[in-house]
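Structural overview
This is what each chain is made of:
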There are 2 protein chains.
Amino acid sequence: MRDVAIIGTGMTKFGNLGRVTSRELVTSAALEAMNDAGVERGDIDAVYLGELSGDIFEHQMHAAPGIPDYLGLENTPSTRVEAACASGGLSVMHSIMAVAGGFYDVVLATGAEKMTNLPTAHVTEALSMCADDIYEVSLGVTFPGAFAMMARAHEMEYGTTPEMRAAVAVKNHKNAMDNPNAQFHKEITIEKVVNSIMVADPLTLYDCSPITDGAAAVVVVPWEDRHKYEGPAVKVRSFAQASDTMSLHDRPVLTGFKTTQIAARNAFERAQLQPKDIDIVEVHDCFTIAEIMAIEDMGFFKKGEGGKVTLDGVTARDGQIPVNVSGGLKAKGHPIGASGVAQVVEITNQLRDRAGPRQVPDVNIGMTQNLGGSGSTIVCHILERGD
Amino acid sequence: MRDVAIIGTGMTKFGNLGRVTSRELVTSAALEAMNDAGVERGDIDAVYLGELSGDIFEHQMHAAPGIPDYLGLENTPSTRVEAACASGGLSVMHSIMAVAGGFYDVVLATGAEKMTNLPTAHVTEALSMCADDIYEVSLGVTFPGAFAMMARAHEMEYGTTPEMRAAVAVKNHKNAMDNPNAQFHKEITIEKVVNSIMVADPLTLYDCSPITDGAAAVVVVPWEDRHKYEGPAVKVRSFAQASDTMSLHDRPVLTGFKTTQIAARNAFERAQLQPKDIDIVEVHDCFTIAEIMAIEDMGFFKKGEGGKVTLDGVTARDGQIPVNVSGGLKAKGHPIGASGVAQVVEITNQLRDRAGPRQVPDVNIGMTQNLGGSGSTIVCHILERGD
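This one's a predicted model, so the numbers in the text were calculated from it and none came from an experiment.

Criteria and thresholds
- Residues numbered from 1 in each chain as written.
- Chains lettered and ligands numbered in written order.
- Predicted model: local features only at pLDDT ≥ 70, side-chain atom pairs only at ≥ 80, totals over all residues.
- Helix = DSSP H or I, 4+ residues; strand = E, 2+ residues; numbered from the N terminus.
- Rg over C-alpha atoms; globule rule 2.2 N^0.38 Å.
- Buried ≥ 20, exposed ≤ 12 C-beta atoms within 10 Å, placed from the backbone.
- Contact = placed C-beta atoms within 7 Å.
- Pairing = 2+ DSSP bridges.
- Core = buried A, V, L, I, M, F, W, Y, C linked by C-beta atoms within 7 Å.
- Domains from an automatic or database assignment.
- Least-squares fit on C-alpha atoms with pLDDT ≥ 70 in both.
- pLDDT = per-residue confidence, 0-100.
- Axes fitted to C-alpha atoms, helices over the stretch in contact; angles between N-to-C directions.
- Parallel < 35°, antiparallel > 145°, perpendicular 65-115°, else oblique.
- Left-handed = near helix turned anticlockwise from the far one by under 90°.

This brings us to the overall build of chain A. A count of helices and strands for chain A gives 13 helices and 11 strands. Taken over the C-alpha trace, chain A has a radius of gyration of 19 Å; the compact-globule value for 387 residues is 21 Å, and the two agree within 12%. C-alpha atoms of chain A, sized along the principal axes, occupy 55 × 45 × 40 Å. Here chain A, with 387 residues, has 66% of them falling under the buried criterion. Counted over contacts in chain A with a minimum sequence separation of 6, partners at least 24 positions apart contribute 78%.

The next thing to look at is the interface of chain A and chain B. Interface extent is often summarised as the accessible area lost during association of the parts. Opposite the 50 residues of chain A that make contact, chain B presents 50 residues. Residue assignment for the side of chain A that touches chain B shows that the elements contributing at least two residues are α2 (54–58), α3 (66–71), β3 (78–82), α4 (87–100), β8 (234–243) and α9 (258–271) of chain A. Residue contributions to the side of chain A that touches chain B peak at five residues, all from β3 of chain A. Looking at chain direction, β3 of chain A and strand β3 (residues 78–82) of chain B are connected through three bridges and run antiparallel.

If you look at the biggest cluster of nonpolar residues, it comprises 267 residues, and the most contacted ones within it are Val219 of chain A together with Val219 of chain B. When residues no more than four places from it in sequence are discounted, the contact partners of valine 219 of chain B are Ile6, Ile7, Gly8, Ala33, Met34, Ala37, Val39, Val106 and Leu108 of chain B.

Let us now look at the pairing of strand β8 (residues 234–243) of chain B. Residue and element names in this part refer to chain B. Taking burial as the measure, the 10 residues of β8 include eight buried ones, the bulk of the element. In terms of strand pairing, strand β1 (residues 4–11) meets β8 through three bridges, oriented antiparallel. Along β8, the bridge assignment pairs alanine 5 with lysine 235.

All names here are of chain A. Domain annotation of chain A identifies domain 1 (4–119 + 212–234) and domain 2 (139–209 + 236–385). Between domain 1 and domain 2, the C-alpha centre-to-centre distance is 23 Å. With 38 residues of domain 1 at the contact, the number on the domain 2 side is 36 residues. For the side of domain 1 that touches domain 2, the secondary structure elements donating two or more residues are β1 (4–11), α4, β4 (107–114) and β7 (213–222).

Further remarks concern the relation of the copies chain A and chain B. With an axial shift of 0.0 Å and an RMSD of 0.0 Å, the rotation relating chain A to chain B amounts to 180 degrees. Taken together, the rotation angle and the small translation identify this as a two-fold axis. Of the interface residues in chain A, 100% have counterparts in chain B that sit at the interface too, so the contact is made through matching surfaces.

Across chain A, pLDDT averages 97, with 100% of residues at or above 70. Confidence metrics for the complex model read pTM 0.98 and ipTM 0.97.

In this section: the packing of helix α6 (residues 143–158) of chain B against helix α10 (residues 288–297) of chain B. Residues and elements named next belong to chain B. Remark: α6 packs on α10, axes separated minimally by 9 Å, with the N-to-C direction vectors making an angle of 55 degrees. With respect to their mutual orientation, α6 and α10 come out oblique. As for how α6 packs across α10, the hand of that crossing is left-handed. Between α6, through Phe147, Met150, Ala151 and His154, and α10, the contact on the second element is made entirely by Ile289, Ala290, Ile292 and Met293.

The next thing to look at is the pairing of β7 of chain A. Residue and element names in this part refer to chain A. Counting buried positions along β7 gives nine out of 10 residues, so the element sits mostly inside the fold. Where β1 and β7 come together, seven bridges link them in antiparallel fashion. Note that in β7 the partner of glycine 8 across the bridge is valine 219. Bridge analysis of β4 against β7 gives eight bridges, and the strand direction is antiparallel. By the bridge assignment for β7, glutamate 113 is matched with glycine 214.

The subject of this paragraph is the environment of valine 20 of chain A. Residue and element names in this part refer to chain A. Inspection of the secondary structure assignment puts valine 20 in the loop between β1 and α1 (22–37). For valine 20, a count of 15 C-beta atoms within 10 Å corresponds to the partly exposed category. The spacing of valine 20 and asparagine 117 is 97 residues in sequence and 9.6 Å in space, taken between C-alpha atoms.

This is the structure in structure tokens:
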């Protein structure tokens, strides 16, 4: 198995991008990543696309071949992977596997979603299909409801307060101020979050990530080939994926995700690293409670302490372990299929000292956690500064 | 890169299966494949699922984690791949890559679709989304129309007659008589095909594959581990994938698929084999013209001769090179995500002398060709009898 490098990144602005297709968005992000890496069209051996549902959002299935088509990569194999909001993470992971396994030498990992074509209620309905249709969705559960149950359980078990959850949103909105691609450039306060309209008790509007259009892309090559190209390289130390039951009622606890715990543990073991070795993290904050559970489940903090440490600033950009410096899904935006790729874009750029005004100093090892559904899929990556 | 074996196969009956979910269908096919292989639940390291659209057909996205959930494979990574009707082929291919690359030791490749929940017109509309929505579907093109254009082009260029196309359907219906899992057990005649109602001129009803529910599964392990398990092994000699433009108008010719030509050529090169070395083939006969183009594009016959050789019986079960002995998509049925996996099931069983009444004698090397959209994705596999 070969070591693997990421040598180029690209992403579109995240937000309501109007009359544009996801195919065009991916093309834009991919060209930026290819230019950054210094790879030519003829270099690319394969493409992966993380996308939740072109059919529902754009009346377009079979979206993967559209990427090499628009990029002019004649006949290049192109595969869509889907695992709800973890689709992007799986696109990156399969690109890494394809290079590590020796099947291809240059792979373009992409992710995209064009969500704002539909009214909000239709988007919520579409996203709900990522939960268990048989036992949950048919009974009225949508994701705000599912994560509200987790927030309530966390509150009851560990005393996590609305203010602690709100601190996640406040931090991520603050971080997004320095991310020109972020959907929101607006600082908020704990009071604003706590007093915003209730979406699913106890989660308010500002506890929830928004509906977003956008795409992201990275270029993956063998580590030994990294100096053939222009982009500074970041080394892939490990990746890991885990799944869990579709329904929440099949799980013994609701205060965390066994999938995050397993995927993070496997990623650490494969990289021969521990949580204390990680300098910067992007986690899946689809709801504020999700970030709190993630930083606990990944082992950065003891179970139940995630809310408190966030309120105390431990995960701020200048804190002990910066979490979601990009603005996270909450403020950078959450174009489903793109989010897992965009996490890798952020960590890669941080490890290459290319994160501009939000650059965190002295970061050498970074990690991502991308979540699908009610945590039924988790993908983690650990990346290291290259040479 | 490790050599890879297929050691177990399973599939459900194909047809209108009533009130059942694709998750249940995959579970059934997977258990059959696991029993055949002699692998236990604890052995399985990862699952792949080929599925076109759980969202449209079953109001269920994020279907992949549902498979290990129902199978009791706790926390096993599970990934959905989608490339229209080639989704199943990509499920098998990624399972092979995952084992060959050394990432996992036992992988379950599955595919499924539950299509009969919707009225026929809705299914045609859903499937049309696999063509280019921007330049084709929005102007009224559906797949019968797209393949009708190809049939007409082939007719004009090479004199391929309705009777030659009909011979594909007649042969495949005859083959399906000996496949207990096939959707149709009804022999038809050339006259019946030619005189059936017109769907898209010149393609009639019997030129088209049906709407089908079903699932299929195979178990993939390292070649060196094959004797640890019970199932007789088949060796994976090669695989290849290619993509092409989404729209037909971007292609120089309509009488064949460059993707099939490239994927087949790459598969032959990687296996160090030639078309003459292949003893048995399963190709993607979504429409009769597709089988004719496939056997030409793969190099078994010269361009333009596919129709004539079919009419002459060269591709019959007792012909020079048996094509679609399973009954093909035409008569076995075409549950989209399952079809590419079912092709591998058939070739594997033929190479293990386990094809029952339709067993072709003395077959050592077999090949599959799985097509997505208007040929925008093609996946080929070459398999060899094991020891």
